[in-house]
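# Structural description and commentary
Below, each chain spelled out in residue letters.
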Amino acid sequence: MRQHAGNPVAWWPWSEEVLEEGQRRDVPLFISIGYSACHWCHVMNRESFEDEEIAGLLNKNFLPVKIDREEHPEIDAVYLLACEMATGRAGWPLTVLALPDGWPFFITTYLPKEGDGTRLGLKELLKLAKKLWREDRGRLLEAAQNFKKALAQIAFRREATVEPALLLERAFEGAQRQFDPQFGGFGKGPKFPLATRLLFLLRYGKRFADAKALEMVRFTLFKMRFSALFDQVGFGFHRYTVDRAWKVPHFEKMLYDQGLLLYLYAEAAALLKEPVFEKTAEEIVTYLKERLRSPSGAFFSAESAESAEKEGLFYTWRLNEIEKNLPPPEAEVLIKYFSLKREGNYLEEHTGQPTGRNVLHPVDFPWLWAQKENFDGFEKLLSSILLKLKKIRAKRPYPPRDEKILTDWNGLVIAGLAHAGRLLHRPDFISLAKEAFVYLEQKALWQGRLLHLPETNLKGLLEDYVYFSWAAWELWEATEAEKYLKLFYTLLDETEKLFSSGEYLYQQVGKDQKPFLISYYPVFEGALPSSNGLLALLFKQAGKDEASERIISAVGGYLLEDPFNFPSFMMSFVSS
């Protein structure tokens with residue numbers, strides 16, 4: 001809302017009053033869902049929400065509602081499902097036209113202001129919706145009814161008895177099918193780090209001494225670290241790349257990715273004895289300390305993809321900048337190793353045209369490149385050059401930072417820091433985890449109820465309880481301090497009381513809250529671990545085997561069908 005405060009659109013923040021006001025005024029809701037670091041959210045803002053014509057249409061004929069998906073993941077999750085059903089895809093910005101009671105009758109993602117003959121623009125959509133609302137409202141009511149029926153039919157639960165050995169065999173087969181042997185990772189792009197899939201595969205490889213599984217993880221972790229997905233200068237991972245080879249990132253950096261990848265790289269370093277993985281874990285912590293750690297000790301949510309309203313401007317380089325700021329021999333090395341070009345190697349996403357700017361995407365692993373070039377001391381020189389670039393880059397305007405402190409995402413980072421601290425013998429990492437944990441204990445636990453955003457009235461969701469429980473468990477393992485174990489069991493007990501259902505799955509919102517449109521159960525896996533899947537693992541670690549098995553059985557049909565795409569659930573079968 002702060003980012004959109006200057007819009008001519010008269011935005012309402014999300015609240016129950018929105019539904020009352022929509023019904024009082026008898027106008028449809030226009031709901032825009034995004035997040036502060038999202039590039040296409042910024043594009044739509046500049047094209048449409050800063051435009052007086054669009055603002056006039058919205059303010060006069062709709063109730064415009066702006067939702068931060070990270071503040072209200074329970075709203076976002078339902079509309080994402082609806083969007084996927086309607087269009088076959090989902091993402092942000094999420095654009096929803098809804099009845100005054102919130103039921104959608106049209107939903108999509110980014111829309112340009114004007115249509116181009118092949119797709120509707122926002123202006124045309126708003127005019128059409130205005131006309132139908134006044135002259136043929138029955139069509140919109142019917143469309144909303146169709147969404148209602150479709151959402152009611154979603155089966156979060158698909159019960160089946162499972163045989164762990166069979167599931168593990170199928171999961172590994174699925175990993176091999178999806179694995180990209182040329183560039184690592186899974187699928188053909190866009191490519192996300194998918195930390196929980198890699199963590200499952202790592203533990204599978206360890207459990208069964210499977211060299212192939214371990215090599216898939218090893219190769220992927222190398223490829224991600226030495227790619228444009230990783231910020232070679234200032235460290236930390238970007239959210240994803242649009243291509244298969246990890247070359248063209250969307251540049252936002254999310255707190256949850258840093259926490260999960262820190263956890264993964266630390267465990268891989270301890271198991272596979274790869275110094276590069278330990279160094280990567282240390283670099284992630286450096287990034288967290290330098291850019292995302294708040295004065296309270298907890299961690300901010302994200303850094304934007306944009307600076308000065310241009311995506312990737314902070315992270316990319318013109319060739320003349322390199323030549324101007326580095327001695328010629330160093331510039332030559334950098335140009336060759338990262339394949340920098342005068343016209344730029346960073347291509348515009350939709351046209352494929354050069355932008356004049358370069359991403360730092362290594363042409364090979366540094367030790368292999370040094371061997372090919374017969375270049376002794378290359379890695380030490382490269383580190384020295386990149387440090388110079390960091391000092392140069394620090395003079396640029398930094399990307400805007402989203403300074404929300406979220407309980408769930410902080411739980412993931414605390415778990416990552418504690419895990420890495422224990423495995424890599426880094427008490428300083430554990431100290432960082434403890435400080436963030438203290439903040440959440442003091443500011444996010446209010447009269448026994450966990451909050452989603454500390455010091456607000458937003459009640460904690462299932463993810464907050466599960467991820468914070470995981471943080472408590474990892475801190476207990478790292479310190480053996482009884483207070484963490486005690487809180488771990490307390491949080492699990494509260495989770496059972498607040499979120500359990502007769503379905504043996506756990507709901508996203510607590511019993512002291514009203515679900516939005518449908519009862520939603522976080523089952524399906526994305527960039528974040530499924531909170532039901534992770535809860536099954538935590539129950540098992542707590543000795544609550546029956547509760548763990550009930551969750552697994554409730555989604556057994558999904559696991560039998562495609563177990564590798566449910567890695568948080570599968571972790572229960574490979575974790576000691």
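Everything discussed here concerns the structure shown above.
Residues numbered from 1 in each chain as written. Predicted model: local features only at pLDDT ≥ 70, side-chain atom pairs only at ≥ 80, totals over all residues. Heavy atoms only, no water.

## Examining helix 7 (residues 164–178)
Quick note on the threshold: Under the scheme used here, helices are H or I runs from DSSP no shorter than 4 residues and strands are E runs no shorter than 2 residues, and both carry numbers assigned from the N terminus. To estimate the expected span of a helix, count its residues, drop one, and scale the result by 1.5 Å. Buried residues are those whose accessible area, probed at 1.4 Å on protein chains only, stays under 20% of the maximum for their type, while exposed residues exceed 50% and partly exposed ones sit between those limits. Along the arc lie the directions from the helix axis toward the C-beta atoms. Any two residues having at least one pair of non-hydrogen atoms within 4.5 Å are treated as being in contact.
Taking 1.5 Å of rise per residue, 15 residues should cover 21 Å, and helix 7 covers 21 Å from first to last C-alpha, within 8% of that figure. Listed as buried for helix 7 are Leu167, Leu168, Ala171, Phe172, Gly174 and Ala175. The buried residues of helix 7 all sit within an arc of 155 degrees when viewed along its axis, so they share a single face. Taken together, the buried residues of helix 7 touch helix 8 (195–207), helix 9 (211–225), helix 22 (556–561) and helix 23 (567–570).

## Thoughts on the pattern of salt bridges
Inclusion rule: Salt bridges are counted wherever a side-chain nitrogen of Lys or Arg sits within 4 Å of a carboxyl oxygen of Asp or Glu.
Within the structure shown, the criterion is met by 44 salt bridges. Among the salt bridges present, the one from Glu215 reaches Arg218, with a minimum N-O distance of 3.0 Å. Of this pair, Glu215 and Arg218 both sit in helix 9, 3 residues apart, which is roughly one turn of the helix. Across the pair Asp364 and Lys372 runs a salt bridge whose closest N-O atoms are separated by 2.5 Å. Owing to a relative accessible area of 17%, Asp364 belongs among the buried residues under this scheme. Shared partners join several salt bridges into a network, and the residues in it are Asp51, Glu53, Lys113, Glu114 and Lys123.

## Thoughts on the sheet that holds strand 4 (residues 94–98)
Put simply, the test is: Strand pairing requires that DSSP identify at least two bridges connecting the strands. Axis lines are fitted through C-alpha atoms, for helices just across the contact stretch, and the angle between N-to-C directions can take any value from 0 to 180 degrees.
Taken together, the 5 strands give an open sheet; going across it, the order is 1-3-2-4-5, and neighbouring strands pair in mixed fashion. The strands lining the two open edges of the sheet, one partner per strand, are strand 1 (12–13) and strand 5 (104–108). The pairing of strand 1 with strand 3 (residues 63–68) spans 2 bridges and is classified as parallel. In the sheet register, Trp12 faces strand 3, and the bridge partner there is Val65. Helix 5 (residues 122–135) contacts strand 2 (29–34), strand 4 and strand 5 of the sheet and is inclined by roughly 10 degrees relative to strand 4.

## What about the environment of Leu381?
In this fold, Leu381 is placed in helix 15 (residues 378–393). Judged by its relative accessible area of 24%, Leu381 falls in the partly exposed class. Expressed as a C-alpha distance, the spacing of Leu381 and Val333, which sit 48 residues apart in the sequence, is 9.2 Å. In this structure, Leu381 is in contact with Glu330, Val333 and Phe375, ignoring residues within four places of it in sequence.

## Some thoughts on empty space enclosed by the protein
To keep it simple, the criterion reads: A cavity here means a set of points on a 1 Å grid, drawn over the protein atoms and nothing else, where a 1.4 Å probe fits but cannot get out; a pocket is an open set with protein on both sides within 12 Å along at least five of seven lines, and a residue lines either one if it has an atom within 4 Å of a point. Grid points are joined across faces, edges and corners, and a volume is the space filled by probe spheres set on the points. Gly is put with the polar residues, along with every residue not named as nonpolar or charged; the nonpolar set is Ala, Val, Leu, Ile, Met, Phe, Trp, Tyr, Cys and Pro, and the charged set is Asp, Glu, Lys and Arg.
The final tally for this structure, using the stated rule, is 5 cavities of 30 Å³ or more. When its volume is computed, the largest cavity comes out at roughly 90 Å³. Around the largest cavity sit Ala228, Phe230, Asp231, Gln232, Val233, His238, Pro249, Phe251, Tyr315, Val359, Leu360 and Arg393, which together line it. Classifying every residue of the lining of the largest cavity gives 8 nonpolar, 2 polar and 2 charged.

## Structural notes on the sheet that holds strand 9 (residues 302–303)
Across the sheet, which stays open at both edges, the 3 strands sit in the order 8-9-12 with antiparallel pairing between neighbours. Only two strands of the sheet have a single partner each, and these edge strands are strand 8 (253–254) and strand 12 (401–402). Pairing of strand 9 with strand 12, which is carried by 2 bridges, proceeds in the antiparallel orientation. Looking across to strand 12, one finds that Ala302 is bridged to Asp402.

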